[in-house]
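Now for the letters of each chain:
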Amino acid sequence: MPCMFQPDLLLNKRILITGGGTGLGKAAARRFLELGAEVYICGRREEVLSATKQELAERTGGRIHARRCDVRDAAAVEEMIGVIWADGPLDVLMNNAAGNFLARTEDLSLGAFQSVIGIVLMGSLHATLACGRRWLAAKRPAVVLNVTTTYTNTGSAYVVPSAVAKAGVQALTRSLAVEWGDRCIRMNAIAPGPIPTEGAFSRLLPRPELEQAAKDRNPLGRFGTPEEFANLAAFLVSDGSGYINGEVVTMDGGEWLQGAGEFSVLGRQLTNDEWERMKPGKPGKNS
Ligand code: HXC
Ligand code: NAP
């Protein structure tokens with residue numbers, strides 16, 4: 001698919017993507033580089049970060065930096081942000097790093113909750129505060145883009161640590177959009193539906209046939225793509241979306257709405273004959 005943006009959309013924007021070494025963060029890093037941004041990625045695995053840095057530098061010719069950092073560790077995040085700022089201030093922070101797995105909640109240890117909430121909620125908070133305090137002190141406009149999920153409002157069984165943490169990130173998004181909006185710091189979120197990545201699908205699809213069932217459940221009959229995610233991310237961090245603040249943009253093919261609609265499931269349950277018989281004037285139609 002050809003790039004839908006003008007090639008200098010993000011020219012000279014300095015962007016940090018947590019968890020940018022893999023999956024959706026990596027796809028966003030690639031798109032941002034293609035659009036002229038200077039990109040920083042971080043994660044826990046040095047070798048993954050180095051490989052991504054090399055691959056994306058070769059593919060795009062853009063400026064990309066990689067740094068090992070566990071976002072659960074506030075001091076480590078503060079140090080990383082300090083090192084980045086020594087080169088120059090960031091314009092955009094994308095809180096993308098996450099942890100998740102399927103489990104029955106009653107089986108979970110406290111450590112399991114701490115691990116996921118530590119990455120998703122505390123990690124987003126650590127990076128947001130480290131950047132936000134610097135932006136506010138310098139009176140510098142900036143953008144934060146968080147990555148949540150479609151179950152932040154509904155909750156979801158079997159991913160409770162993630163649901164709790166992502167709901168917190170959504171609240172952080174909406175709260176700071178208002179609190180920091182008057183200082184020109186915008187904060188938005190993307191809530192993606194299922195998009196195939198090794199990190200997510202290896203942990204959340206225990207049987208291959210569940211993949212088809214997940215597609216069948218979606219009004220569009222397919223999963224999203226990392227490129228579609230990256231395009232939305234590029235739009236939301238660009239100056240052209242400057243009046244969007246405190247918004248959570250769902251991109252899930254309509255999946256969660258289908259689950260919420262009382263009669264939506266009828267599309268899979270009623271036959272064509274039954275739909276025909278319900279038309280006015282047909283035999284068997286209740287008038
Ligand atoms: C129950 C588990 C568990 C599991 C780990 N734990 N996996 N408990 N079921 N499957 C527990 C451990 O026993 C331990 O508890 C604690 O969690 C920490 O585990 P570690 O393995 O030591 O943690 P760590 O190496 O830091 O790994 C973190 C992780 C892992 C979250 C557990 O999955 C990870 O690294 N994930 C990163 C990538 C990822 O998850 N990507 C998917 C994002 S998809 P104790 O008590 O022993 O300390 C997403 C949304 C998808 O977020 C939505 C799709 C529509
Ligand atoms: P992914 O490839 O597993 O991405 C997660 C990234 O977070 C990895 O690069 C991982 O790198 C990093 N990370 C994990 N723990 C970290 C920590 N403590 N410190 C720093 N980095 C850490 O999965 P993904 O599918 O691309 O997910 C990206 C984002 O999209 C997440 O926020 C996820 O919740 C969200 N999302 C994904 C989907 C989907 O279907 N794919 C749907 C809804 C929402 P290391 O392991 O090297 O640290």
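If you're wondering where the values come from, they're calculated on a predicted model, not measured in any experiment. (Residues numbered from 1 in each chain as written. Chains lettered and ligands numbered in written order. Predicted model: local features only at pLDDT ≥ 70, side-chain atom pairs only at ≥ 80, totals over all residues. Heavy atoms only, no water.)

1. Here's the deal with the site of ligand 1
Here's step 1: Surveying the vicinity of ligand 1 reveals 18 residues, the closest of which are Arg 44, Arg 72, Asn 100, Ser 109 and Arg 203.
Here's step 2: Contact distances for ligand 1 include 2.7 Å between an oxygen atom and a side-chain N or O atom of Arg 44.
Here's step 3: Here ligand 1 loses 58% of its free accessible area of 1,100 Å² to cover by the protein chains.
Here's step 4: Elements supplying a minimum of two residues to the shell around ligand 1: α4 (110–138) and α6 (198–204).
Here's step 5: When residues of the shell around ligand 1 are assigned to their parent elements, the largest contribution, four residues, is made by α6.
Here's step 6: Of the residues contributing to the shell around ligand 1, the split by class is eight nonpolar, seven polar and three charged. (Near = heavy atom within 4 Å. Polar contact = N/O pair within 3.5 Å; in protein donor to acceptor, adjacent residues only side chain to side chain. Areas by Shrake-Rupley, 256 points an atom, 1.4 Å probe, with all protein chains shown as cover. Helix = DSSP H or I, 4+ residues; strand = E, 2+ residues; numbered from the N terminus. Nonpolar A, V, L, I, M, F, W, Y, C, P; charged D, E, K, R; others polar.)

2. A few points about the packing of helix α3 (residues 74–87) against α4
Helix-helix packing is described using two parameters, namely the angle between the two axes and the distance between the axes.
Here's step 1: Two elements in contact, α3 and α4, have axes whose closest approach is 9 Å; the angle formed by their N-to-C orientations is 40 degrees. By the angle between their directions, the pair α3 and α4 is classed as oblique. Every pair of crossing elements has a handedness; the one defined by α3 and α4 is right-handed. Facing α3, whose interface residues are Ala 74, Val 77, Glu 78, Ile 81, Gly 82 and Trp 85, α4 presents His 126, Ala 127, Ala 130, Cys 131, Arg 134 and Trp 135.
Here's step 2: Residue composition of the contact of α3 with α4, by class: eight nonpolar, two polar and two charged. (Axes fitted to C-alpha atoms, helices over the stretch in contact; angles between N-to-C directions. Parallel < 35°, antiparallel > 145°, perpendicular 65-115°, else oblique. Left-handed = near helix turned anticlockwise from the far one by under 90°. Contact = heavy atoms within 4.5 Å.)

3. Here's the deal with the packing of helix α1 (residues 23–34) against helix α2 (residues 46–60)
Here's step 1: Viewed as axis vectors pointing N to C, α1 and α2 meet at an angle of 35 degrees, and their least axial separation amounts to 10 Å. In this structure, the crossing between α1 and α2 has a hand that is right-handed. The residues of α2 that touch α1, namely those facing Lys 26, Ala 29, Arg 30, Leu 33 and Glu 34, are Thr 52, Glu 55, Leu 56, Arg 59 and Thr 60.
Here's step 2: Of the residues contributing to the contact of α1 with α2, the split by class is three nonpolar, two polar and five charged.

4. Focus: the side chain of Ser 241
Here's step 1: One can find Ser 241 in the loop between α8 (226–237) and β7 (248–251).
Here's step 2: Taking relative accessible area as the criterion, Ser 241 reaches 2% and is therefore assigned buried.
Here's step 3: Within the structure, Ser 241 has its side chain in polar contact with the backbone oxygen of Ser 238 (distance 3.0 Å). (Buried < 20%, exposed > 50% of the residue type's maximum accessible area, 1.4 Å probe, protein only.)

5. Here we look at the nonpolar core
Here's step 1: Core analysis: the largest hydrophobic core is formed by 30 residues, its most contacted members being Ile 17, Phe 32, Met 94 and Phe 229.
Here's step 2: For this core, the secondary-structure elements that each account for two or more residues are β1 (14–18), α1, β2 (38–43), α2, β4 (92–95), β5 (142–147) and α8.
Here's step 3: Among the nonpolar cores identified, the runner-up in size contains 26 residues, and Leu 16, Val 71, Ala 130 and Met 187 belong to it. (Core = buried A, V, L, I, M, F, W, Y, C linked by side-chain atoms within 4.5 Å.)

6. Thoughts on the sheet that holds β4
Here's step 1: Here we have seven strands laid out as an open sheet, ordered β3-β2-β1-β4-β5-β6-β7, and parallel in their pairing. With partners counted over all chains shown, the strands left at the sheet margins are β3 (64–68) and β7, one partner each. Going across the sheet, the axis of each strand differs from the next one's by a mean of 15 degrees, ignoring polarity.
Here's step 2: As paired elements, strand β6 (residues 185–192) and β7 share four bridges and run parallel to each other. Bridged to Pro 192 within β7 is Met 251.
Here's step 3: Against the sheet, α1 contacts β1, β2, β3, β4 and β6, and its axis sits at roughly 170 degrees relative to β1.
Here's step 4: On top of the sheet, α3 reaches β1, β2 and β3; it is set at about 160 degrees to β1, its chief contact. (Pairing = 2+ DSSP bridges.)

7. A look at the packing of aromatic side chains
Here's step 1: Inspection of every chain in the model, using the stated rule, returns two aromatic pairs.
Here's step 2: Plain terms: the ring middles of Phe 201 and Phe 223 are 5.1 Å apart, the flat faces sit at 85 degrees to each other, and that makes the pair edge-to-face. Taken together, the residues Phe 201 in helix α6 and Phe 223 in the loop between α7 (209–216) and α8 connect sequence positions 22 residues apart.
Here's step 3: Classification of Phe 201 by relative accessible area gives buried; the value is 17%.
Here's step 4: Residue class for Phe 223 comes out buried when judged on its relative accessible area of 9%.
Here's step 5: Cation over ring: Arg 134 sits above Trp 85, and NZ or CZ is 5.7 Å from the ring centre. (Phe/Tyr/Trp six-rings, centres within 6.5 Å; stacked < 30°, edge-to-face > 60°. Lys NZ or Arg CZ within 6 Å of the ring centre and 35° of its normal.)

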